[in-house]
Structures are given as C-alpha cells and as structure tokens.
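Structure at a glance
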Amino acid sequence: MSGYDASVAARVVVGVSGSLGSVTALRRATALARRLGAELWPVLAWEPPGGDPAARRSPAAGLLVEEWQRLAKQRLASVLDEIFGEDGPGVPMHAVIVRGTPGRVLVATADREDDVLVVGAGRRGLQRAFSGRVSRHCLTHAGCPVLAVPPSPLESDLVAVHRRNAWHLRMDTRGL
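Residues numbered from 1 in each chain as written. Predicted model: local features only at pLDDT ≥ 70, side-chain atom pairs only at ≥ 80, totals over all residues. Heavy atoms only, no water.

Moving on, we come to the overall build of the protein chain. Looking only at helices and strands, one finds six helices and five strands in the protein chain. Each helix and strand of the protein chain, placed in order from N terminus to C terminus, yields the pattern β-α-β-α-α-β-α-β-α-β-α. The buried share of the protein chain, taken over its 176 residues, is 34%. Taking the intrachain contacts of the protein chain between residues at least 6 apart in sequence as the baseline, contacts between residues at least 24 apart amount to 75%. (Helix = DSSP H or I, 4+ residues; strand = E, 2+ residues; numbered from the N terminus. Buried < 20%, exposed > 50% of the residue type's maximum accessible area, 1.4 Å probe, protein only. Contact = heavy atoms within 4.5 Å.)

So this is what it looks like as structure tokens:
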C-alpha cells in the first residue's frame, strides 16, 4: 500500500489577488484541475494595511479586522464571478480567504504531497527584480509541485500602452 488515500481528492491550489498574473494563473489552474479531476482551491491571502505589525500598534485596527476580511472575501468573489460567471469553473471548487502573507499562506494551504500549487510567475525583464516574491517563496518552500505561470502576452502589451500614455507618447493604432 502506497499510503495514498483515494477518498481525499487531489487539489489544485491557486493564488488569486485580482492582478492580471493571478487571473492567468487561475485560468491555468482551472484547466489543470479539469485534466486531473481535482478540486480547485482559489486562495486569497490578505493582510491589514501596513501589515500585521502596524495593525498591532493601532488600537482601532481591531475594530477594522472584520471589515478588511469582508473586503477580501468580496474581492475573491468578484474575481471568481468575473472569470467563471454563473456557470462556475466546471470542477469542484473550495474558495479560501486567509489572513497572512501570500507566499506563506499558499505554501501552508498546499500542504499535501499530491497538491499542485499554481502561482503567477511575475513580470518579465528588468521589473522582475521588483516582483515575483510570492512565486519565489512558493518555489523555495512548497512541499508539493509548483507551477509558475508566465504572464499573458496581453499583459506586456497593456503595460506598454500604459507606459506610452504616462509619457504622453502617440500610439500607432494601425496594428489594432
């Protein structure tokens, strides 16, 4: 006997923040869950503004914790509704909201050997030095396989358009 319990469904755990990278990861995780016949576990990690140390210093923060948690739940529900609509993902889904830093929360949630953890890989190029901390943490600390999903090609196009707008440069619309 291998120790594998068939009554426990395999899980595809995916970090969801609402960013373009996390939406791309969510779509990839959904397709993977379908292929594997696994449950989809979208996870949104949240922290109080300024992090837990700031919340501990503020006497009013204790009153706001429930509101911050409600906002996190609302954000996750909004992302899932926008991506899946009324039909849902087409696989069993268990959405989770956890207070904590994203990397630690995702690694703690994907704690089974047969889990697969899916995260957005962050930006490409020079900006990658300042992003991708969550994916690096997960790749380093997870006890299960981790799929780091590269950004959508549309994301780099969107960043380029945003940069041109910020610098008030003309856009070549002939290619659109």
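Right, let's talk about the pattern of salt bridges for a bit. Under the counting rule described, the total for this entry stands at three salt bridges. A salt bridge links D115 to R11; its shortest N-O distance comes to 2.6 Å. Taken together, the positions of D115 in the loop between α4 (102–109) and β4 (116–120) and R11 in strand β1 (residues 11–15) put the pair 104 residues apart, joining distant regions of the chain. Its relative accessible area of 0% is what places D115 among the buried residues. For R11, a relative accessible area of 4% corresponds to the buried category. For the salt bridge of E67 with R70, the shortest nitrogen-to-oxygen distance reads 2.6 Å. Of the two residues, E67 and R70 both sit in helix α3 (residues 61–84), three residues apart, roughly one turn of that helix. Assessed through its relative accessible area of 34%, E67 is described here as partly exposed. Look at R70 and you get partly exposed, because its relative accessible area is 41%. Members of the salt-bridge network, linked through shared partners, are R11, D111 and D115. (Salt bridge = Lys/Arg side-chain N within 4 Å of Asp/Glu carboxyl O.)

Turning next to helix α1 (residues 20–36). The end-to-end C-alpha distance of α1 is 24 Å, a good match for the 24 Å that 17 residues give at a rise of 1.5 Å each. For α1, the set of buried residues is G21, S22, V23, A25, L26, A29, T30, L32 and A33. Two residues or fewer after α1 comes G37, characterised by a positive phi angle close to 65°. (Expected span 1.5 Å × (residues − 1).)

Turning next to the confidence of the model for the protein chain. Summarising the model, the protein chain shows a mean pLDDT of 83, and 80% of its residues fall at 70 or more. For the stretch residues 1–7, pLDDT sits under 50, and the model shows one contact to residues farther than four places along the chain or on other chains. Overall, residues 125–130 carries pLDDT values under 50, and its contacts beyond four positions in sequence, including any with other chains, amount to five contacts. (pLDDT = per-residue confidence, 0-100.)

Moving on to the packing of α4 against helix α5 (residues 133–141). Packed helix pairs are specified by the crossing angle of their axes together with the interaxial distance, meaning the distance between the axes. Close contact between α4 and α5 brings their axes to 8 Å; oriented N to C, the two are set at 35°. The element α4 and its partner α5 pack so that their crossing is right-handed. Along the contact surface, α4 presents P102, G103, R104, L106 and V107, while α5 presents V134, H137, C138 and H141. Partitioning the contact of α4 with α5 into residue classes produces five nonpolar, three polar and one charged. (Axes fitted to C-alpha atoms, helices over the stretch in contact; angles between N-to-C directions. Left-handed = near helix turned anticlockwise from the far one by under 90°. Nonpolar A, V, L, I, M, F, W, Y, C, P; charged D, E, K, R; others polar.)

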